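For reference, the chains in residue letters:
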Amino acid sequence: MDSEVYKKACEVASPRGTEPVSRTPGPCAIQIPGPCGLVIFGASGDLTKRKILPSVYRLQKNRLLPEQFFILGTGRTEMSTDQFRGEVLSAVRNAFPKDFDESSWNELANRLDYCPIEYAVQETYAQSLKERLLQLEKKHKTEGNRIFYLAIPPTLYENVISNLGRTGLSREEGGYTHVVIEKPFGRDLDSARKLNRIVRNSFDEKQVYRIDHFLALETIQNILMLRFANSIFEPLWNRNYIDHIQITASETLGVEQRAGYYEQAGVLRDMFQNHMFQLLALTAMEPPVAFRAEPVRDEKVQVFNSIKPFPRDRLRDYVAIGQYGAGKIGLSSVPGYREEKGISAKSVTPTFAAMKVLIDNWRWNGVPFYLRSGKRLSRRRTEISIHFKPVPHLMFSNTLNEPIEPNRLVLRVHPDEGMSLLLQTKNPGSKICLNPISMDFWYQRNVLMDAYEWVLLNCMHDDQLLFVREDGVEQAWALLTPVIERLESTTAVDQFPNYAAGSSGPEDADLLMRREGREWTPL
Ligand code: BG6
């Protein structure tokens, strides 16, 4: 679509009647949420600076925040509100070096406040935090609507959640009270169940917003629209027409500064239990009765319930893992995983996994879903690729020497957000010359909202659709925990590294496909 036309179609009237904001198509104007106070635990932490605050700033700049709104930052760090404002300012400037708007910042700055807290000490919640919160709620007239955002390490979840419960801060009195919990949500089935119990002691499930930021990406939200707002796909979306599905999330980045966390997690906990399984669920689910949180989440959980458990004795037929060695990303040489800072020289933590998932239900019987994700691969790419079956009879076989490539629908999440459909067409000229062409759709970069903007907006709108429910988390862990445990107990030190940084992953991943006569789409 021509960019001006698209921009026009995207205009959203500003709530204050000033200039329009180009964000989403006209009929889909984003609603400004009602009054709200956002309390961020871990306010001086990395997540707050890299994701949450820049997203709040963007919402402010695009006038998507309510008039009655404040942020109360809290954490162990002793600092004044002015110091906190200074920290937020540098975080925002860092995030938008070329796109910093002084007046939006000033509006936001006036709504920022800070109070220190000792996470484990109940009195500091009852006194400092509660008192400050009540003052701010009065000042900003937020009608008791509160969001507690836990941007803290998971080891602190129990303290904070329990103390919010014990001091009555988790109760809904007049307004709503929501708690936002980041991944990782547990590290196996038992710890996820335990954490769910702790959460349940202080909050009702309808107050709980478990984040999987992939779900909030526009292109992932688009999967449901594409599948259920178009009648042409649904008749084909099953075992009769689909040969197999590939879901890829490859990264060029390595472990970066997260050695401590990543050594304990590895790619299966870090990417599969959450992001990859969520993509799988959205692709495989049955049509929900309504586009609302509960029906959508019910259907996703049904997918998890239908996944065939992985056979422990033949795991290698279903799962391939790898760890990167030294190599080149583009022109730069990069170290292997074991040479990264904070990583053990004998680490057996996988940084890559490929997996075959079978779904035992009417729609998907016999259609494998192949999932792969890894760090330090040749390209950054997240996509879902639907591989249709070949045509049943090749009437061109007398003139064509090669089989023709079956149709493929690719939903691109990163980069080049959009989708493409691979078709066969006749080349002009010779009598029979087939040419694969790709019908492409790209989103315009500047109309996409960041995942964290959506997370915040949806949480303020009381909408849990983009968040993971208790049973969804547990079911995903139930499937993966035995796999992870088995791999952890059987992987030998000399198995790794088994792929070079900058490659497309280990040989075993290719074998997983080749054994079944298939190939990964090149990265
Ligand atoms: C995070 C993982 O959840 O997702 C990271 O912990 C990973 O290891 C990241 O790099 C990928 O997300 P995105 O949005 O950067 O592609």
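Cut-off values and rules
Residues numbered from 1 in each chain as written. Predicted model: local features only at pLDDT ≥ 70, side-chain atom pairs only at ≥ 80, totals over all residues. Heavy atoms only, no water. Helix = DSSP H or I, 4+ residues; strand = E, 2+ residues; numbered from the N terminus. Rg over C-alpha atoms; globule rule 2.2 N^0.38 Å. Buried < 20%, exposed > 50% of the residue type's maximum accessible area, 1.4 Å probe, protein only. Contact = heavy atoms within 4.5 Å. Areas by Shrake-Rupley, 256 points an atom, 1.4 Å probe, with all protein chains shown as cover. Lys, Arg positive; Asp, Glu negative; His and termini not counted. Charge placed at Lys NZ, Arg CZ, Asp CG, Glu CD. Core = buried A, V, L, I, M, F, W, Y, C linked by side-chain atoms within 4.5 Å. Near = heavy atom within 4 Å. Polar contact = N/O pair within 3.5 Å; in protein donor to acceptor, adjacent residues only side chain to side chain. Nonpolar A, V, L, I, M, F, W, Y, C, P; charged D, E, K, R; others polar. Axes fitted to C-alpha atoms, helices over the stretch in contact; angles between N-to-C directions. Parallel < 35°, antiparallel > 145°, perpendicular 65-115°, else oblique. Left-handed = near helix turned anticlockwise from the far one by under 90°. 1 Å grid on protein atoms, 1.4 Å probe; cavity = no way out; pocket = protein on both sides within 12 Å on 5 of 7 lines; lining within 4 Å. Points joined across faces, edges and corners; volume = space filled by probe spheres on them. Pairing = 2+ DSSP bridges.

Draft legend 1. A look at the overall build of the protein chain. Secondary structure summary: the protein chain contains 13 helices and 21 strands in total. Rg of the C-alpha trace for the protein chain: 24 Å, near the compact-globule value of 24 Å for 523 residues, within the 12% margin. Each principal axis of the C-alpha distribution contributes one length, and for the protein chain these read about 80 × 55 × 45 Å. Evaluated residue by residue, the protein chain yields a buried proportion of 54% over its 523 residues. Put simply, of all contacts in the protein chain between residues at least 6 apart along the chain, 76% involve residues at least 24 apart. Of the roughly 23,500 Å² of accessible surface on the protein chain, 51% is carried by carbon and sulfur atoms. In the protein chain, 65 side chains carry a positive charge and 65 a negative one; their mean positions are 2 Å apart.

Draft legend 2. Fine view of the nonpolar core. If you look at the biggest cluster of nonpolar residues, it comprises 154 residues, and the most contacted ones within it are Phe41, Tyr149, Phe272, Met355 and Leu371. When residues of this core are assigned to their parent elements, the largest contribution, 13 residues, is made by helix H9 (residues 259-284). Residues in contact with Met355, not counting those within four places in the same chain, are Leu268, Phe272, Phe277, Phe310, Tyr318, Val319, Phe369, Tyr370, Leu371, Leu480 and Leu512.

Draft legend 3. The environment of Gly266, seen in detail. Note that Gly266 resides in helix H9. In sequence terms Gly266 and Asn305 are 39 residues apart; their C-alpha atoms lie 24 Å from each other. For Gly266, the contacting residues outside a window of four places in its chain are Thr349 and Pro350.

Draft legend 4. Structural view of the site of the ligand. For the ligand, the full set of nearby residues is Lys183, His213, Phe214, Glu251, Arg258, Asp270, Met271, His275, Lys375, Arg380 and His414. Taking His275, its side chain carries an N or O atom lying 2.7 Å from an oxygen atom of the ligand. Measuring from an oxygen atom of the ligand, one finds a side-chain N or O atom of Lys375 at 2.9 Å. In the complex, the protein chains occlude 80% of the 390 Å² of accessible area that the ligand would expose alone. Per-element tally for the shell around the ligand: the top contributor is H9, with 3 residues. Among the residues forming the shell around the ligand, the class breakdown is 2 nonpolar, 3 polar and 6 charged.

Draft legend 5. Region of the structure containing unusual backbone geometry. Put simply, Lys183 and Pro184 share a cis peptide bond, and its omega is 0 degrees. Inspection of the secondary structure assignment puts Pro184 in the loop between strand E7 (177-181) and helix H7 (189-202). With an omega of -5 degrees, the peptide bond running from Phe496 to Pro497 counts as cis. Although it is not a glycine, Glu143 adopts a positive phi angle of roughly 55 degrees. You can see Glu143 is positioned in the loop between helix H5 (122-140) and strand E6 (146-150). A positive phi angle, close to 50 degrees, is found at Asp416, a residue other than glycine. Within the fold, Asp416 resides in the loop between strand E17 (408-414) and strand E18 (418-426). Judged by relative accessible area, Asp416 falls into the partly exposed class, the value being 36%.

Draft legend 6. Here's a closer look at the packing of helix H8 (residues 218-228) against H9. Contact geometry of H8 with H9 gives a least axis separation of 9 Å together with a crossing angle of 10 degrees. Here H9 runs roughly parallel to H8, going by the angle between their axes. Helix-helix and strand crossings are classified by hand; for H8 and H9 the assignment is right-handed. Contacts between H8 and H9 involve Ile220, Ile223, Leu224 and Arg227 from the former and Leu279, Leu282, Thr283 and Ala284 from the latter. A per-class count over the contact of H8 with H9 returns 6 nonpolar, 1 polar and 1 charged.

Draft legend 7. Expanded view of empty space enclosed by the protein. Summed over the entire model, instances satisfying the criterion amount to 4 cavities of 30 Å³ or more. If you add up the space inside the largest cavity, you get close to 110 Å³. Residue lining of the largest cavity: 14 residues in total, with Ile211, Gln273, Asn274, Val468 and Val473 positioned closest to the centre. Elements that contribute at least two residues to the lining of the largest cavity include exactly strand E8 (208-211), H9 and helix H12 (470-490). Considering only enclosed or pocket space, the second largest cavity measures out at about 80 Å³ in volume. Contributing to the lining of the second largest cavity are Leu215, Ile220, Gln221, Leu224, Leu282, Phe291, Val296, Lys300, Leu465 and Leu466. Secondary structure elements with two or more residues in the lining of the second largest cavity: H8 and helix H10 (293-306).

Draft legend 8. Structural context of the sheet that holds E7. Read across the sheet, 7 strands follow the order E5-E4-E3-E6-E7-E8-E20 without closing on themselves; strand pairing throughout is mixed. Because the sheet does not close on itself, it has two edges, and the strands there are strand E5 (112-116) and strand E20 (467-468). As judged from the 3 bridges shared by E7 and E8, these two strands associate in the parallel manner. Across the sheet, the residue bridging to Val179 is Val208, located in E8. The strands that helix H2 (residues 46-61) touches are strand E3 (36-41), strand E4 (69-75) and E6; relative to E3, the one it contacts most, it runs at about 170 degrees.

Draft legend 9. View of the sheet that holds strand E14 (residues 352-357). Ordered by their spatial adjacency, 8 strands build an open sheet running E10-E14-E15-E9-E16-E17-E18-E19, and the pairing between neighbours is mixed. The sheet is open, and its two edges are formed by strand E10 (319-322) and strand E19 (434-442), each paired on a single side. Neighbour-to-neighbour, the strand axes of this sheet turn through a mean angle of 15 degrees, independent of strand direction. Both E14 and strand E15 (residues 369-374) contribute to a ladder of 6 bridges, which runs antiparallel.

Draft legend 10. Region of interest: the pairing of E15. The element E15 is largely enclosed, with a buried count of 6 among its 6 residues. Neither face of E15 is left uncovered, since the one carrying Phe369, Leu371 and Ser373 and the one carrying Tyr370, Arg372 and Gly374 both have all their residues buried. With 6 bridges connecting them, strand E9 (residues 242-250) and E15 associate as parallel partners. Across the sheet, residue Ser250 finds its bridge partner in E15, namely Gly374.

Draft legend 11. Fine view of the environment of Gln68. With respect to the element layout, Gln68 can be found in the loop between H2 and E4. Residues Gln68 and Leu150 lie 82 residues apart in sequence; the distance between their C-alpha atoms is 22 Å. Beyond its immediate chain neighbours, meaning those up to four positions away, Gln68 contacts Pro35, Cys36, His140, Lys141 and Thr142.

That is the geometry; function is a separate question.
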